[in-house]
Amino acid sequence: MKTLGVKRGDRVATLAWNNYRHLEAYFAIPLLGAVLHTVNLRLSSEHLRYIINHAEDRILLVDEELLPLLDPIWDNLPTVQHLIILGEHLNLAKSPKNPMTSVSAYEDLLAQASPMVDYDPDLPEDSLLGMCYTSATTGNPKGVVYSHRGIALHSLAMGLANTSAIAENDTVMPVVPMFHVNAWGIPFSAIWFGANIVLPGPAPTPEDLVRLMSEEQVSVAAGVPTVWLGVAKVLEKAATPLSLRMVLCGGSAAPPALIRTFEKTFKVPLAHAYGMTETSPLATFSRLKSTLSGLTEDDQLAIRSTQGILVPGLSMRLRRDNEDVPWDGKSMGELWFKGPWVADEYYHDPRTEDSFEDGWLKTGDVATISPEGYVRLVDRTKDLVKSGGEWISSVDLENTIMAHPDVFEAAVVGVPHPKWDERPLAFVVPKENRQIRKEDIIALLSADFPKWWLPDDVIFLQEIPKTSVGKFMKRALRVQYQEYLTDPQR
Ligand code: AMP
């Protein structure tokens, strides 16, 4: 890349799955003083075009099989000067036709290059290391930038004994994609600490993941709850010996039933953590404090199912109507964070004003915080159901439904209602060959929640729609069912 003229501060984009060439780029680009822009390969062509242009990427490193994603936009990428295909040799038949761009194969370039010793040692610690665009509710994705200092400190935080404690003797497998928040920073911390790393490649199935974890003796694996729901299904069918010391689960709420299944049935601790693209992502981590070890098993599970306590190095506030909300485990407010690995702006974007205040990130997540400091996410601001002006937590309802032994996955969303503005609808996917009735779900919820929290209907689906990183795409359900309760024909 140096011979191609890449300089300090240049943006170099990757469009790649979790593979070793991508990992090499994770280090090569920042060590040159350039900025690693990981592009989400599941974005629409329009958003791909927008973010590559907005970041003004000079070089693109692209997995060979992903080249077709760029076909519709080649004519609209004026800043891109060079394409490096992440493969063995140049396959001209497959390379794009954009005349502005010179093309090489990664391994060809590497074979011609000599080992580099003079990388940029005087780089100031607050220089940009990388960037990742995060989807906005409306409009184009927003750019989040990461500094060398922030990522170095975040990497250390991933090694703390009371977080994931990644260490030299671990074999770590990020299932979370390397195009999403740097695969939760795992490549940086695992390599720094000298751990082995296992990269599962393109779109692994739950069966692939179980096989890899077993063959490679993975000790820490990290992914969103839907990944672990799929893995649990495979392990329930065929018990497989695993060497896992921890499954790290975050990105959306880990249902308590999932934690229980991993720990009771598979004897694997499942640790719940919370964060977002803007927090690099590690912000809170759920571990039981030693002072709480006398609690009953159920009470311990309830605490470990929360999003956890603040990771050392960051500051946290709970805010509502311009005031701090007490940490009493009941009062709800918006979570705010500040710290070395928390963004304090969006890259060249006027929407910075809506989400940051005095260096604090306003997350848009509504939570309570207990006197012990445990954060319990109630909902994203936009996912809360507002019935007759009162808040209903879709996450709480989902967790209870997912504890039903015949339920595979469930989502609750608010849809317009003529009298109450919004009412909850539940969407449920039963486990294979299991039958559940609406009455069973309502009876289950009635035991835990007041009557006005109960969903107006329960709709059975084959699958809950997912976002590009495997989270429930509640927006799709909201749009599809927006007239469900207002339709006079119903
Ligand atoms: P992203 O920036 O795409 O990774 O999304 C971040 C958002 O995912 C957060 O603002 C939360 O709403 C949600 N999220 C992340 N981790 C968790 C978790 N452990 N429990 C519930 N929601 C989560």
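Let us look at the structure shown here.

Cut-offs and rules
Residues numbered from 1 in each chain as written. Predicted model: local features only at pLDDT ≥ 70, side-chain atom pairs only at ≥ 80, totals over all residues. Heavy atoms only, no water. Helix = DSSP H or I, 4+ residues; strand = E, 2+ residues; numbered from the N terminus. Contact = heavy atoms within 4.5 Å. Buried < 20%, exposed > 50% of the residue type's maximum accessible area, 1.4 Å probe, protein only. Lys, Arg positive; Asp, Glu negative; His and termini not counted. Salt bridge = Lys/Arg side-chain N within 4 Å of Asp/Glu carboxyl O. Polar contact = N/O pair within 3.5 Å; in protein donor to acceptor, adjacent residues only side chain to side chain. Axes fitted to C-alpha atoms, helices over the stretch in contact; angles between N-to-C directions. Parallel < 35°, antiparallel > 145°, perpendicular 65-115°, else oblique. Left-handed = near helix turned anticlockwise from the far one by under 90°. Nonpolar A, V, L, I, M, F, W, Y, C, P; charged D, E, K, R; others polar. Near = heavy atom within 4 Å. Areas by Shrake-Rupley, 256 points an atom, 1.4 Å probe, with all protein chains shown as cover. Pairing = 2+ DSSP bridges. Core = buried A, V, L, I, M, F, W, Y, C linked by side-chain atoms within 4.5 Å. 1 Å grid on protein atoms, 1.4 Å probe; cavity = no way out; pocket = protein on both sides within 12 Å on 5 of 7 lines; lining within 4 Å. Points joined across faces, edges and corners; volume = space filled by probe spheres on them. Domains from an automatic or database assignment. Phe/Tyr/Trp six-rings, centres within 6.5 Å; stacked < 30°, edge-to-face > 60°. Lys NZ or Arg CZ within 6 Å of the ring centre and 35° of its normal.

## What to know about the environment of Val175
- Along the chain, Val175 turns up in the loop between β8 (171-174) and α5 (181-184).
- In the structure, Val175 is positioned 73 residues away from Leu248 in sequence and 10.0 Å away in space, judged by C-alpha atoms.
- Those residues within four positions of Val175 in sequence are excluded, and the remaining contacts are Asn18, Pro200, Leu209, Ala222, Gly223, Val227 and Trp228.

## Quick notes on the side chain of Asp63
- In this fold, Asp63 is placed in strand β3 (residues 57-63).
- One buried charged side chain, Asp63, makes no salt bridge at all; its nearest oppositely charged neighbour is Arg21, positioned 6.3 Å away.
- Within polar-contact distance, the side chain of Asp63 engages the backbone nitrogen of Trp17 at 2.9 Å.
- If near-sequence neighbours (up to four positions away) are discounted, Asp63 is found in contact with Leu15, Ala16, Trp17, Asn19 and Leu86.

## Side note on the side chain of Ser155
- Its place among the elements puts Ser155 in helix α4 (residues 148-158).
- Note on Ser155: relative accessible area 2%, which makes it buried.
- With near-sequence residues (within four places) excluded, Ser155 lies in contact with Phe188, Ser189, Trp192 and Phe193.

## Digging into the packing of helix α8 (residues 225-237) against helix α9 (residues 256-265)
- At a minimum axis distance of 11 Å, the contact between α8 and α9 shows a crossing angle of 40°. In terms of their interaxial angle, α8 and α9 are classed as oblique. By crossing handedness, the relation of α8 to α9 is classed as left-handed. Residues Pro225, Trp228, Leu229, Val231, Ala232 and Glu236 of α8 form the contact with α9, whose own contacting residues are Leu258, Thr261 and Phe262.
- For the contact of α8 with α9, a count of residues per class yields seven nonpolar, one polar and one charged.

## Considering the site of the ligand
- What surrounds the ligand is a group of 16 residues, the closest being His272, Ala273, Thr277, Asp365 and Lys471.
- A distance of 3.1 Å is found between an oxygen atom of the ligand and a side-chain nitrogen or oxygen belonging to His180.
- Note that a nitrogen atom of the ligand is positioned 2.9 Å from one of the side-chain N or O atoms of Gln307.
- In isolation the ligand exposes 500 Å². Once the protein is present, 90% of that is buried.
- Elements that contribute at least two residues to the shell around the ligand include exactly β12 (270-275) and β20 (375-380).
- When residues in the shell around the ligand are grouped by element, the largest group, four residues, is from β12.
- Partitioning the shell around the ligand into residue classes produces five nonpolar, eight polar and three charged.

## Remarks on the sheet that holds strand β7 (residues 142-147)
- In space, the seven strands of this open sheet follow the order β5-β4-β3-β1-β2-β6-β7, with mixed pairing throughout. Whereas interior strands pair on both sides, the edge strands pair on one side only; in this sheet they are β5 (102-105) and β7. Between one strand and the next, the sheet's axes are offset by a mean angle of 25°, whatever the strand orientation.

## Considering the packing of helix α1 (residues 20-31) against helix α6 (residues 186-193)
- Between α1 and α6, the shortest axis-to-axis distance is 11 Å and the interhelical angle comes to 80°. What the angle tells us is that α1 and α6 run roughly perpendicular. The residues of α6 that touch α1, namely those facing Leu23, Tyr26 and Phe27, are Pro187, Phe188 and Ile191.
- Taken together, the residues that form the contact of α1 with α6 break down as six nonpolar, no polar and no charged.

## Quick look at the nonpolar core
- Ranked by internal contacts, the top residues of the largest apolar core, which has 122 residues, are Trp228, Phe262 and Leu335.
- One finds Leu41, Leu66, Val80 and Met131 within the second-largest nonpolar core, a separate group that totals 29 residues.

## As for the pattern of salt bridges
- All told, the structure shown has 30 salt bridges when counted by the stated rule.
- Close ionic contact of Glu432 with Lys237 constitutes a salt bridge, the shortest N to O distance being 3.7 Å. One end of the pair, Glu432, is in the loop between β24 (421-430) and α13 (438-446); the other, Lys237, is in helix α8, with 195 residues separating them in the sequence.
- Three or more residues joined by partner-sharing salt bridges are found here, namely Lys7, Asp10 and Arg58.

## Points about the layout of surface pockets
- Its volume calculated, the second largest pocket comes out at about 1,000 Å³.
- Elements with a minimum of two residues in the lining of the second largest pocket: α8, α9, α10 (297-304), β19 (360-369), β20, α12 (394-402) and β23 (407-417).
- Of the residues that constitute the lining of the second largest pocket, the class distribution is 20 nonpolar, eleven polar and eight charged.
- Looking at the lining of the second largest pocket, you find at least three residues from each of domain 2 (147-379) and domain 3 (385-480).

## Focus on the environment of Phe472
- One can find Phe472 in the loop between β25 (457-460) and α14 (474-480).
- Sequence spacing of Phe472 and Pro124 is 348 residues, and the spatial spacing of their C-alpha atoms is 40 Å.
- Leaving out residues up to four positions away in the same chain, Phe472 has contacts with Thr226, Met402, Glu409, Ala410, Ala411, Ile464, Pro465, Lys466 and Thr467.

## Here we look at the sheet that holds β8
- Strand order in the open sheet made by the seven strands is β9-β8-β10-β11-β12-β13-β14, with mixed pairing throughout. Two strands bound the open sheet, and with one partner strand each, they are β9 (196-197) and β14 (309-310).
- In this sheet, β9 lies alongside β8 in parallel orientation, the contact comprising two bridges. Looking across to β9, one finds that Val172 is bridged to Ile197.

## Focus on the packing of aromatic side chains
- Under the definition given, this model contains twelve aromatic pairs.
- When the centroid spacing of 5.2 Å and the interplanar angle of 35° are considered together, the rings of Tyr26 and Phe188 count as tilted. With Tyr26 in helix α1 and Phe188 in helix α6, this pair connects stretches of sequence that are 162 residues apart. The burial state of Tyr26 is the same as that of Phe188; both residues are buried.
- Taking the centre distance of 6.0 Å and the plane angle of 5° together, the rings of Trp192 and Phe193 count as stacked.
- An aromatic cluster is defined as three or more aromatic residues linked by ring pairs; in this entry it consists of Tyr26, Phe27 and Phe188.
- Lying across the ring of Phe408, Lys233 places its NZ or CZ 4.2 Å from the centre.

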